[in-house]
Amino acid sequence: MGCCISQLAAKFAFFPPSPATYQVKKRDDGRLIAVSTTSSMPISGAADDPSLDVLLVDTKRGNKIVAFYLKNPYAKLTVLYSHGNAADLGQLYDLFVQLKANLRVNLMGYDYSGYGASTGKPSEFDTYADIEAAYECLQTEYGISQEDLILYGQSVGSGPTLHLAAKLPRLRGVVLHSGILSGLRVLCHANFTFCFDIYKNLNKIQKVKSPVLVIHGTEDDVVNWLHGNGLWKMARDPYEPLWIKGGGHCNLELFPDYIRHLCRFIQEMECLTTETRLKKIRQTIRLPKRSDTTISTNCCCQIKCRLPNCLNCSKVSCTKCCVWPKCSGWQPKCPTWKSKCLACWQPGCLRCSCMLPKCSCTCPECSCACPKCSCTCPKCSCTCPKCCCWSVKCSCW
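- Looking at an unreviewed UniProt entry, the chain carries the name Serine aminopeptidase S33 domain-containing protein, with the source organism given as Datura stramonium.

**Regarding the environment of Asp94**
Logical step 1: Here Asp94 is to be found in helix 2 (residues 89-103).
Logical step 2: A relative accessible area of 54% means that Asp94 is categorised as exposed.
Logical step 3: For Asp94 and Ile43, which are 51 residues apart along the polypeptide, the C-alpha to C-alpha distance reads 8.9 Å.

**Concerning the pattern of salt bridges**
Logical step 1: One pass over the structure, following the stated rule, counts 13 salt bridges.
Logical step 2: Among the salt bridges present, the one from Lys71 reaches Asp53, with a minimum N-O distance of 3.5 Å. Here Lys71, found in the loop between strand 4 (64-70) and strand 5 (78-82), pairs with Asp53, found in strand 3 (residues 52-58); they are 18 residues apart in sequence, far enough to count as distant.
Logical step 3: By relative accessible area, Lys71 is classed as partly exposed at 31%.
Logical step 4: The residue Asp126 makes a salt bridge to Arg61 at a minimum N-O spacing of 2.8 Å. Placement of Asp126 in helix 3 (residues 124-142) and of Arg61 in the loop between strand 3 and strand 4 is noted, with a sequence separation of 65 residues between them.
Logical step 5: Through salt bridges with shared partners, a single network forms among Arg31, Asp53 and Lys71.

**Here's the deal with the nonpolar core**
Logical step 1: Within the largest apolar cluster, 42 residues are counted, with the highest numbers of intra-cluster contacts made by Leu80, Met108, Tyr110, Leu149, Val174 and Val212.
Logical step 2: One finds Tyr22, Phe96, Val175 and Ile266 within the second-largest nonpolar core, a separate group that totals 38 residues.

**A word on helix 3**
Logical step 1: With 19 residues, helix 3 ought to run about 27 Å at 1.5 Å a step, and its terminal C-alpha atoms sit 27 Å apart, in line with that.
Logical step 2: After helix 3 finishes, the residue Gly143 shows a positive phi value of roughly 65 degrees.

**Focus on the confidence of the model for the chain**
Logical step 1: When pLDDT is averaged along the chain, the result is 78; 65% of the residues meet or exceed 70.
Logical step 2: Between residues 289-307, whose pLDDT stays under 50, and residues either more than four places distant or in other chains, the model counts 16 contacts.
Logical step 3: The low-confidence segment residues 376-380 (pLDDT under 50) makes 12 contacts with residues lying over four places distant or belonging to another chain.

**So, the packing of helix 3 against helix 4 (residues 158-165)**
Logical step 1: Contact pair helix 3 / helix 4: the axes reach a minimum separation of 9 Å and the direction vectors enclose 60 degrees. Accordingly, the angle class assigned to the pair helix 3 and helix 4 is oblique. Here helix 3 and helix 4 pass one another in a crossing that is right-handed. Touching Thr127, Tyr128, Ile131, Glu132 and Tyr135 of helix 3 are Gly159, Pro160, Thr161, His163 and Leu164, all from helix 4.

**With respect to the sheet that holds strand 9 (residues 212-217)**
Logical step 1: The strand order across the open sheet built from 8 strands is 3-4-6-5-7-8-9-10, with neighbouring strands paired in mixed fashion. A strand with exactly one partner marks an edge of an open sheet, and here the two such strands are strand 3 and strand 10 (242-244). This sheet shows a mean twist of 15 degrees between the axes of neighbouring strands, independent of strand direction.
Logical step 2: Of the strand pairs in this sheet, strand 5 and strand 7 (residues 149-154) are connected by 5 bridges, and their pairing is parallel. Across the sheet, Tyr81 pairs through a bridge with Tyr152, a residue of strand 7.
Logical step 3: Sitting on the sheet, helix 4 is in contact with strand 5, strand 6 (106-110), strand 7 and strand 8 (173-177), with an inclination near 150 degrees to strand 7.
Logical step 4: Along the sheet face, helix 8 (residues 256-271) touches strand 7, strand 8, strand 9 and strand 10 and points at about 165 degrees away from the line of strand 8.

**Focus on the packing of aromatic side chains**
Logical step 1: Within this structure, the stated rule accounts for 13 aromatic pairs.
Logical step 2: With a centroid separation of 6.5 Å and an interplanar angle of 80 degrees, the aromatic rings of Phe68 and Tyr93 are classed as edge-to-face. Of the two residues, Phe68 is situated in strand 4 and Tyr93 in helix 2; the sequence distance between them amounts to 25 residues.
Logical step 3: Taking the relative accessible area as the measure of exposure, Tyr93 reaches 6% and is therefore buried.
Logical step 4: Measuring from centroid to centroid gives 5.9 Å for Tyr128 and Tyr199, while their planes differ by 75 degrees, and the two rings are edge-to-face. Of this pair, Tyr128 sits in helix 3 while Tyr199 is found in the loop between helix 5 (183-187) and helix 6 (201-204), placing the two residues 71 residues apart along the sequence. Pair check on accessibility: Tyr128 and Tyr199 agree, each one buried.
Logical step 5: In textbook terms, an aromatic cluster arises when at least three aromatic residues are bridged by ring pairs, as seen for Phe14, Phe125, Tyr128 and Tyr199.

**Some details on helix 7 (residues 225-234)**
Logical step 1: Among the residues of helix 7, His227, Gly228, Asn229, Gly230 and Leu231 are the ones counted as buried.
Logical step 2: Looking at the buried positions of helix 7, the neighbouring elements they touch are strand 8, helix 5, helix 6, strand 9 and strand 10.
Logical step 3: For helix 7, the side-chain oxygen to backbone nitrogen distance between the N-cap and Leu226 is 2.9 Å, and the N-cap itself is Asn224.

**Here's the deal with the pairing of strand 9**
Logical step 1: A large share of strand 9 lies buried, amounting to 6 of its 6 residues.
Logical step 2: A two-sided burial pattern is seen for strand 9, the buried positions comprising Val212, Val214 and His216 on one face and Leu213, Ile215 and Gly217 on the other.
Logical step 3: In the sheet, strand 8 pairs with strand 9 via 4 bridges, with the strands oriented parallel. Its bridge partner lying in strand 9, His177 is registered against Ile215.
Logical step 4: One ladder, built from 3 bridges, connects strand 9 with strand 10; its direction is parallel. Within the sheet, the bridge partner assigned to His216 lies in strand 10 and is Trp243.
Logical step 5: Following the backbone out of strand 9, through helix 7 and into the adjacent parallel strand 10, one traces a crossover that is right-handed.

Reading the values: rules and limits
Residues numbered from 1 in each chain as written. Predicted model: local features only at pLDDT ≥ 70, side-chain atom pairs only at ≥ 80, totals over all residues. Heavy atoms only, no water. Helix = DSSP H or I, 4+ residues; strand = E, 2+ residues; numbered from the N terminus. Buried < 20%, exposed > 50% of the residue type's maximum accessible area, 1.4 Å probe, protein only. Salt bridge = Lys/Arg side-chain N within 4 Å of Asp/Glu carboxyl O. Core = buried A, V, L, I, M, F, W, Y, C linked by side-chain atoms within 4.5 Å. Expected span 1.5 Å × (residues − 1). pLDDT = per-residue confidence, 0-100. Contact = heavy atoms within 4.5 Å. Axes fitted to C-alpha atoms, helices over the stretch in contact; angles between N-to-C directions. Parallel < 35°, antiparallel > 145°, perpendicular 65-115°, else oblique. Left-handed = near helix turned anticlockwise from the far one by under 90°. Pairing = 2+ DSSP bridges. Phe/Tyr/Trp six-rings, centres within 6.5 Å; stacked < 30°, edge-to-face > 60°. Polar contact = N/O pair within 3.5 Å; in protein donor to acceptor, adjacent residues only side chain to side chain. Right-handed = clockwise from strand over helix to strand, strands pointing away.

Next up, the structure:
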C-alpha cells in the first residue's frame, strides 16, 4: 500500500518540461553538443565552446542522464547543482553561466531521469541514483574530491542533495534553495512523518556535517518559508541564512541579495581548511573533565587510587621534581612504613615518603595481624591484602 502511494506521490511531485528544451547530438569528431529544440542552434552559442562539456552518464538504475560541466580557469571549488521541478538544463544554462562567472566556480548541472534528454522516468530513488552518478563522474573524469565540492539543491533538488550530503562527511558545503522538509509536508502541514512520504529531508539534514546555507523567500506560495526555517534549525552546522523579503519560489535569483550572500558563502568555504573545521568541531563537543582517579583492573577488586601530589610543587604526578634519576635505590624513606605520598611512583625516592602498607615480616618496626603474612620480596609471597614491604631490612631480602 505504501509503495503504491509513493508512486502516486511521485506523479504529483515531478513535472518535467514537455517537450524538452534541448537535444543532445554527436559531432563528427565524437564530441557531444546540446542543441536547442526551438532554434536548432547550440545552447552555448558556439558548437566548439571549450568551457562546456556535454556528458551522458550511466546510473546504477540503468538510465542515461545528461550533465553539463562548465569550467572556470580561476575556480577553486566545484558546485554540483540539482535543479527544481519543472525545469531542465536547456532552461538553466544561462543561469549556470552567470553562477560560474560570479561565484568563480566550476559547475555541473544534470537532468534527472525522465527530464530533458535523460532516459527513464522520474522517481525519488532515481534522483538519488542520478546525483550519485553525477558525483562519480566528477571524481573520475575531473578529479574532484568531496573536500572541493559544494552541493546545491533547489526545491525538489534539495532531496537528492541532502541524500548525497549525508554520505560525504568531508564535503565543503551545502546550499538549500527553497528546500523542502518532505514531499507530503509541502501539501499539508503535518507534524509527523508517514511511511510513504518522499524526500524526508528533515531526517537526513541532521546527518550532514558540512556547513549548510539556507535560502528561502518569505512569500513563497509553493514551498512555505517554514520549510526553509525548519531545515536551518535542524542543521548541525548552519550558516547564516538568507530570507529574501518578498521573494517567491522561482524568482530568488533576481534579488541582489541572492548573489551577494551566495558569493560570501563561497568565499568563506574557499578559506575553510581542515584545521579550522576540526577546531570548530572541538568547540561544539563538550569533552568530560579528566578525572584524577584511576581504577586498577588487575586486582581482585576495583579500588580507586588517587594520584598523589608532589611535595615540592603540589602538582599531580610532577615530572620535574620526582623523576627516576633522583631516586637512589629501592629503599623506602618512611621509617614507620605508613603511607603519605608516592609522587614519583618509584620506590626508595629520597624526596618522597612511602605509601606502602604495613607488613608482618622480621623487621622490628613492622607488625601485621595476618598469620600467613610474609614479606613481598622475590623469595616470599603473601595473601594478606594489607601487605607490601620492599624493605632491605627484611630478613628474607
